[in-house]
Amino acid sequence: ASLASQAEKPKIRSRHIGRLASLAGLPAATEFYLRSKLGQTGIVKARCRFGPFEMRLGESDYLVALQTFQGKEYALKSKRVEQLNALAKQWRAAGQTPVIIDAGANVGYSAIFLARTYPDAVILAVEPDPGCVEQMRRNCAAIPAITPIHGAVWKDNDGVHLEQTDRLSWARQVGEGGATPSFTLKALLATVPNARPLILKMDIEGAEREVCAEAGEELAEFRCILIEPHDSMMPGAACLQGLYAVMARRRMDTLVRGEN
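Chemist: Describe the overall build of the protein chain, naming the residues involved and giving the relevant values.
Modeler: From N to C terminus, the protein chain includes 10 helices and 11 strands. A compact globule built from 260 residues would reach a C-alpha radius of gyration of about 18 Å, and the protein chain, at 18 Å, matches this within 12%. In terms of its C-alpha atoms, the protein chain occupies a principal-axis envelope of roughly 55 × 40 × 30 Å. Scored against the burial criterion, the 260 residues of the protein chain give a buried share of 54%.

Chemist: Explain the packing of helix H1 (residues 14-24) against helix H2 (residues 26-37) residue by residue, including any values.
Modeler: It is at 7 Å that the axes of H1 and H2 come closest, and there the two elements cross at 145°. Taken as a pair, H1 and H2 cross one another with a handedness that is right-handed. Taken together, the residues of H2 that come into contact with H1 (itself represented by Ile17, Leu20, Ala21 and Ala24) are Leu26, Ala28, Ala29, Phe32 and Tyr33. Per-class residue counts for the contact of H1 with H2 are nine nonpolar, no polar and no charged.

Chemist: If you had to explain the sheet that holds strand S3 (residues 97-103) to someone new, which residues and values would you point to?
Modeler: Reading across the sheet, the five strands line up as S5-S4-S3-S10-S11 and stay open at both edges, with parallel pairing between neighbours. Each of the sheet's edge strands pairs with one partner strand only, and the pair in question is strand S5 (146-150) and strand S11 (224-227). The average undirected angle you get between the axes of adjacent strands in this sheet is 20°. Where S3 lies against strand S4 (residues 122-127), five bridges are found, and the strand directions are parallel. Across the sheet, the residue bridging to Ile101 is Leu124, located in S4. In the packing of helix H4 (residues 78-93) onto the sheet, the strands contacted are S3, S4, strand S10 (195-202) and S11, and the crossing angle to S10 comes to about 150°. Strand contacts of helix H6 (residues 130-139): S4 and S5, with the helix running at about 160° to S5, the strand carrying the most contacts.

Chemist: Residue-level account of the pattern of salt bridges, with values.
Modeler: As enumerated under the stated definition, the model contains 10 salt bridges in all. With a closest N to O distance of 3.4 Å, Glu176 and Lys155 form a salt bridge. With Glu176 in strand S8 (residues 174-176) and Lys155 in the loop between strand S6 (152-153) and strand S7 (160-162), this pair connects stretches of sequence that are 21 residues apart.

How each quantity is defined
- Residues numbered from 1 in each chain as written.
- Predicted model: local features only at pLDDT ≥ 70, side-chain atom pairs only at ≥ 80, totals over all residues.
- Heavy atoms only, no water.
- Helix = DSSP H or I, 4+ residues; strand = E, 2+ residues; numbered from the N terminus.
- Rg over C-alpha atoms; globule rule 2.2 N^0.38 Å.
- Buried < 20%, exposed > 50% of the residue type's maximum accessible area, 1.4 Å probe, protein only.
- Axes fitted to C-alpha atoms, helices over the stretch in contact; angles between N-to-C directions.
- Left-handed = near helix turned anticlockwise from the far one by under 90°.
- Contact = heavy atoms within 4.5 Å.
- Nonpolar A, V, L, I, M, F, W, Y, C, P; charged D, E, K, R; others polar.
- Pairing = 2+ DSSP bridges.
- Salt bridge = Lys/Arg side-chain N within 4 Å of Asp/Glu carboxyl O.

Printed below as a string of structure tokens:
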């Protein structure tokens, strides 16, 4: 079963701690386990081959870290990575800026992974949960290519509301109208001089339905789209209908890795 299929309250399982020790070392994993069992809050600092990062106790951070850094859910085969990096270098040489949009960036682990994998690109890491954005700014502070942005990728720039639930931060949803900033893909790309869309990573808990329905022209420009569909939790919503409509006009490969 995937990590995301578990109950909303994080259960500190021995197999997760074993994986965390493999990722970040035994001291960090042990500290995380003991402090979690004691019901403590706060931060545990860790390091993996992608660099230093922090995990909040009592949150989904450690599960996201395992998915991203160890499970490599956003990884592609080396040949495809080489092709994307060669394209990014070509664009740079022509005075263009390769852009990766990380929609639903959570606490920044996916942005870190993408920045380390595609060093010629800039990453716009967009996240609506203010606590996650604060944590993301700390996690990504050492990587200038990453720009953390508080807000949601959405169908318009008029704002959304962030649903107030007891769910963990990786499962927060947004809805139309509210005080949380929202951005279309077009508006985000416009913030980068000479932007050229390279990769779109999107894990936005069902809001991909609205984004894909609105952003057909922008979607078609990305050379790679990494997306987690949420049709399973929204029966009948046809979350990717807009994406399929756009991509039907393009020659593309479809790959499945983990939830994406």
